Amino acid sequence: MKRIKGSEALMEALIHEGVDTIFGYPGGAIIPVYDSLYDYQDKIRHVLVRHEQAATHAAEGYSRVSGKVGVCLVTSGPGATNTITGIGDAMIDSTPIVVITGQVTSSLLGTDAFQEIDVVGITQPITKWAYQIRRPEDIAWAVARAFYIAQSGRPGPVVLDFAKNAQVAMVDFEPEKCNFIRSYIPASKPDDESVLKAAELINSAKKPFALVGQGVILGNAEKELADFLEKADIPAGYTLLGESAMPTDFRLNKGMLGMHGNIAPNIKTNECDVLIAIGMRFDDRVTGDLNTYAKQAKIVHLDIDASELGKNVSVDAPVLGDVKCSLPAITEKLLPAKHTDWIASFDEHVQREFAEVIDAETNPQNGLLKMGEVVNAVSEVVNHNAVLVTDVGQNQMMAARYFKFKQSRSVVTSGGLGTMGFGLPAAIGAKIACPERTVCFFTGDGGIQMTIQELGTIMQEQTGVKIILMNNNWLGMVRQWQELFFDKCYSQTRMTNPDFVQLANAYGIASRQVSERTELKVAIDDMLKDDKPYLLVVNVEEENMVFPMVPVGNTITDIMTKK
């Protein structure tokens, strides 16, 4: 035990939790912490973002790729409120981050002091826990508890609001470790009866189909998933956030589910006799119209969060628990099976999608460059071994459809909240988490301009993110909806853009712009020749559409493949 300032105690507590990187932005109410951070630069790397929202997204990217808790440090008032979008994004996508906000001195709370705001009150609905530290004696306890809550059970964000008096006061500090909180049960042990019922349903199935969500990745259960699928010969589809839980070329991987997913898994969802949902939450973009979703099937649902079981879809065999435990428990009771004809029945839909969509998108013979061919070309050059980061919109769906994977934790995207501007800071966090991996960030001209100031962070940190900007001069996904469903009323979706190459050059980032198909391969090779940051602007077809598409509210099998 040693007597130190509260700000120094925070540093010691973070180091005790294994923190090596903080994304942040200083300000008046957090200056004492930054003053102490100065003396810990050899142990904790601080990444100075250009906006506090970016700190949260960078922490998300760091967490999603590394599997660790991402950490943000910001000041009070607007510094804290600027993190709200990222906190909400982390909550709905189950990403463990700890956001530390400065706060005015405790004696000023409730007086409308300069840059005072009720951070705990604002963030409680979108966090797993929000707590205000008013005494230095509470620092060790609060930090230990924050990290335990953030990464245990269903992960998510935690906020610690740190009053300035607690930062400057002295305390006899000793770090704590938290691994138990009364009344908080992060993961239940799978019930034997529910495991047996699930196994019996699967053993009786003639046409089983598995839906793989991010819970597999968060639970580090990729091997357990493969063993489960292989033993019972079960084909599987994946959600957007579940992508990379299975290698793209895994024989039982049948593609992405949902609105812009592959035809085969969507069709087969409504043909299977047993549907096994693994660590996914039956989001509306996956299910379409719930009144017509998988009505023919018995449903098994494995999830760590009891509130998800039966929330959107009635379940015949709910299995509560961490999939790292529940999957092998079920696998042990499965009979080895072969579903050769059922698996083969996916092929006709795969062939249809290739003929109607994929070939024209990834291998066009003429015309302007298409987004799908750009994504596919980059994936080929990196040998399907890079981390994919996306923004939100057409670029996101095209990247999810045409980028391929060999290992897990290779996809970083904003799923549930759909946050434009997420991608650039998230890519910075991902690259800092895994500097040895190539990080390819696909974005559109709309999304990148929401956090484009983070090019300054890349410049300062020399973070080797490869930015592929697919520029069509539109808010592309909204434009697509306007064309299909709003009688081509293109209200406020046309964009006049800056010269992105000159902008990148102003930040000292190498860049290039291409418009011709003959230039693409050379440009990609040039981008990937070293590990320095790079911006590749690709001018793509303005009216490029993301197909297949299930219109909002339609049955999941009502699939559009053309205009």
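## Section: the overall build of the chain
Right, on to step 1. When helices and strands are tallied, the chain shows 23 helices and 20 strands.
Right, on to step 2. For the chain, the C-alpha radius of gyration of 24 Å lies close to 24 Å, the compact-globule estimate for 563 residues.
Right, on to step 3. When its C-alpha atoms are laid out on the principal axes, the chain stretches across 70 × 60 × 40 Å.
Right, on to step 4. Taken over 563 residues, the chain has a buried fraction of 59%.
Right, on to step 5. Per element, the accessible surface of the chain, about 21,800 Å² overall, is 51% carbon and sulfur.
Right, on to step 6. Charged side chains of the chain number 52 positive and 69 negative; the gap between the two group centres comes to 2 Å.

## Looking at helix α11 (residues 222-232)
Right, on to step 1. Within α11 the residues assigned to the buried category are E222, E224, L225, F228, L229 and A232. Down the axis of α11, the sector holding all buried residues measures 165°, keeping them to one side.
Right, on to step 2. Of the surrounding elements, those touching the buried residues of α11 are α9 (192-204), β9 (208-212), α10 (215-218), β10 (236-238), β12 (274-278) and α14 (323-332).

## Structural notes on the packing of helix α1 (residues 6-16) against helix α7 (residues 139-151)
Right, on to step 1. Viewed as axis vectors pointing N to C, α1 and α7 meet at an angle of 35°, and their least axial separation amounts to 9 Å. Crossing geometry of α1 relative to α7 is assigned as right-handed. Contact residues: G6, A9, L10, A13 and L14 in α1; I139, V143 and F147 in α7.

## Focus: the sheet that holds strand β6 (residues 129-133)
Within a sheet, neighbouring strands are paired by backbone hydrogen bonds and run either parallel or antiparallel to one another.
Right, on to step 1. In spatial order, the strands read β3-β2-β4-β5-β7-β6; together these six strands make up an open sheet with parallel pairing. The open sheet has two edge strands with one neighbour each: β3 (45-48) and β6. Within the sheet, the average angular offset between the axes of one strand and its neighbour, ignoring direction, is 20°.
Right, on to step 2. As judged from the five bridges shared by β6 and strand β7 (residues 158-163), these two strands associate in the parallel manner. Among the inter-strand pairings, Y131 is bridged to a residue of β7, identified as L160.
Right, on to step 3. Seen against the sheet, helix α3 (residues 52-66) touches β2 (21-24), β4 (70-74) and β5 (97-103) and runs at an angle of roughly 165° to β4.

## A look at α9
Right, on to step 1. For α9, built from 13 residues, the straight-helix expectation of 18 Å at 1.5 Å per residue is met to within 8% by its first-to-last C-alpha distance of 18 Å.
Right, on to step 2. For α9, the full list of buried residues reads S194, V195, A198, A199, L201 and I202. The arc enclosing the buried residues of α9, seen along the axis, measures out at 160°, which places them on a common side. Structural note: α9 exposes D192 and E193 on the side pointing more than 90 degrees away from its buried face.
Right, on to step 3. Capping of α9 at its N-terminal end is provided by D191; its side-chain oxygen lies 3.1 Å from the backbone amide nitrogen of E193.

## Concerning the sheet that holds strand β18 (residues 466-471)
Right, on to step 1. Spatially, the six strands line up as an open sheet ordered β16-β15-β17-β18-β20-β19, and their pairing is parallel. On the outer flanks of this sheet lie β16 (411-412) and β19 (510-514), each paired with one strand and no other.
Right, on to step 2. Pairing analysis gives six bridges linking β18 to strand β20 (residues 534-539), with the strands arranged parallel. Within β20, the residue paired with I467 across the bridge is L535.
Right, on to step 3. Along the sheet, helix α23 (residues 517-527) makes contact with β18, β19 and β20, crossing β19 at roughly 170°.

## Some details on the environment of D42
Right, on to step 1. Position of D42 relative to the elements: it lies in the loop between α2 (31-37) and β3.
Right, on to step 2. Among the residues examined, D42 registers a relative accessible area of 67% and is labelled exposed.
Right, on to step 3. Each C-alpha atom of the pair D42 and D20 lies 9.5 Å from the other, and the pair is 22 residues apart in sequence.

## Here we look at the domain arrangement of the chain
Right, on to step 1. If you check the domain split of the chain, you get domain 1 (2-173), domain 2 (192-347) and domain 3 (369-539).
Right, on to step 2. The centre of domain 2, based on its C-alpha atoms, is set 31 Å off from the matching centre of domain 3.
Right, on to step 3. With 19 residues of domain 2 at the contact, the number on the domain 3 side is 19 residues.
Right, on to step 4. Summed over both sides, the interface of domain 2 with domain 3 buries roughly 1,500 Å², with 58% coming from carbon and sulfur.
Right, on to step 5. Counting across the interface, domain 2 meets domain 3 through zero salt bridges.
Right, on to step 6. Here the residues of the side of domain 2 that touches domain 3 are counted per class, giving nine nonpolar, six polar and four charged.

## Details of the layout of surface pockets
Right, on to step 1. Counted as a void, the second largest pocket has a volume near 600 Å³.
Right, on to step 2. Along the wall of the second largest pocket there are 22 residues; nearest its centre are T248, N262, I358, R401 and K404.
Right, on to step 3. If you tally residues by element for the lining of the second largest pocket, the top one is helix α16 (residues 347-362), at six residues.
Right, on to step 4. A per-class count over the lining of the second largest pocket returns eight nonpolar, seven polar and seven charged.

## Side note on the nonpolar core
Right, on to step 1. F228, L229, I276, I330, F403 and F442 are the most contacted members of the largest nonpolar core, which totals 73 residues.
Right, on to step 2. The residues that make up this core include at least three from each of domain 2 (192-347) and domain 3 (369-539).
Right, on to step 3. Leaving out residues up to four positions away in the same chain, F403 has contacts with E243, V375, V378, S379, V382, A386, L388, M398, C440 and F442.
Right, on to step 4. F23, V65, A80 and V389 belong to the second-largest nonpolar core, a separate cluster that totals 46 residues.

## Structural notes on the environment of A205
Right, on to step 1. Note on placement: A205 falls in the loop between α9 and β9.
Right, on to step 2. A205 gets classed as buried once you look at its relative accessible area, which sits at 6%.
Right, on to step 3. Sequence separation of A205 and I234 is 29 residues, and the distance between their C-alpha atoms is 9.8 Å.
Right, on to step 4. Once residues lying within four places of it in the same chain are set aside, the contact partners of A205 are D273, V274 and H339.

Rules of the game
Residues numbered from 1 in each chain as written. Predicted model: local features only at pLDDT ≥ 70, side-chain atom pairs only at ≥ 80, totals over all residues. Heavy atoms only, no water. Helix = DSSP H or I, 4+ residues; strand = E, 2+ residues; numbered from the N terminus. Rg over C-alpha atoms; globule rule 2.2 N^0.38 Å. Buried < 20%, exposed > 50% of the residue type's maximum accessible area, 1.4 Å probe, protein only. Areas by Shrake-Rupley, 256 points an atom, 1.4 Å probe, with all protein chains shown as cover. Lys, Arg positive; Asp, Glu negative; His and termini not counted. Charge placed at Lys NZ, Arg CZ, Asp CG, Glu CD. Arc of directions from axis to C-beta. Contact = heavy atoms within 4.5 Å. Axes fitted to C-alpha atoms, helices over the stretch in contact; angles between N-to-C directions. Left-handed = near helix turned anticlockwise from the far one by under 90°. Pairing = 2+ DSSP bridges. Expected span 1.5 Å × (residues − 1). Polar contact = N/O pair within 3.5 Å; in protein donor to acceptor, adjacent residues only side chain to side chain. Domains from an automatic or database assignment. Buried area = accessible area lost by both parts, 1.4 Å probe. Salt bridge = Lys/Arg side-chain N within 4 Å of Asp/Glu carboxyl O. Nonpolar A, V, L, I, M, F, W, Y, C, P; charged D, E, K, R; others polar. 1 Å grid on protein atoms, 1.4 Å probe; cavity = no way out; pocket = protein on both sides within 12 Å on 5 of 7 lines; lining within 4 Å. Points joined across faces, edges and corners; volume = space filled by probe spheres on them. Core = buried A, V, L, I, M, F, W, Y, C linked by side-chain atoms within 4.5 Å.

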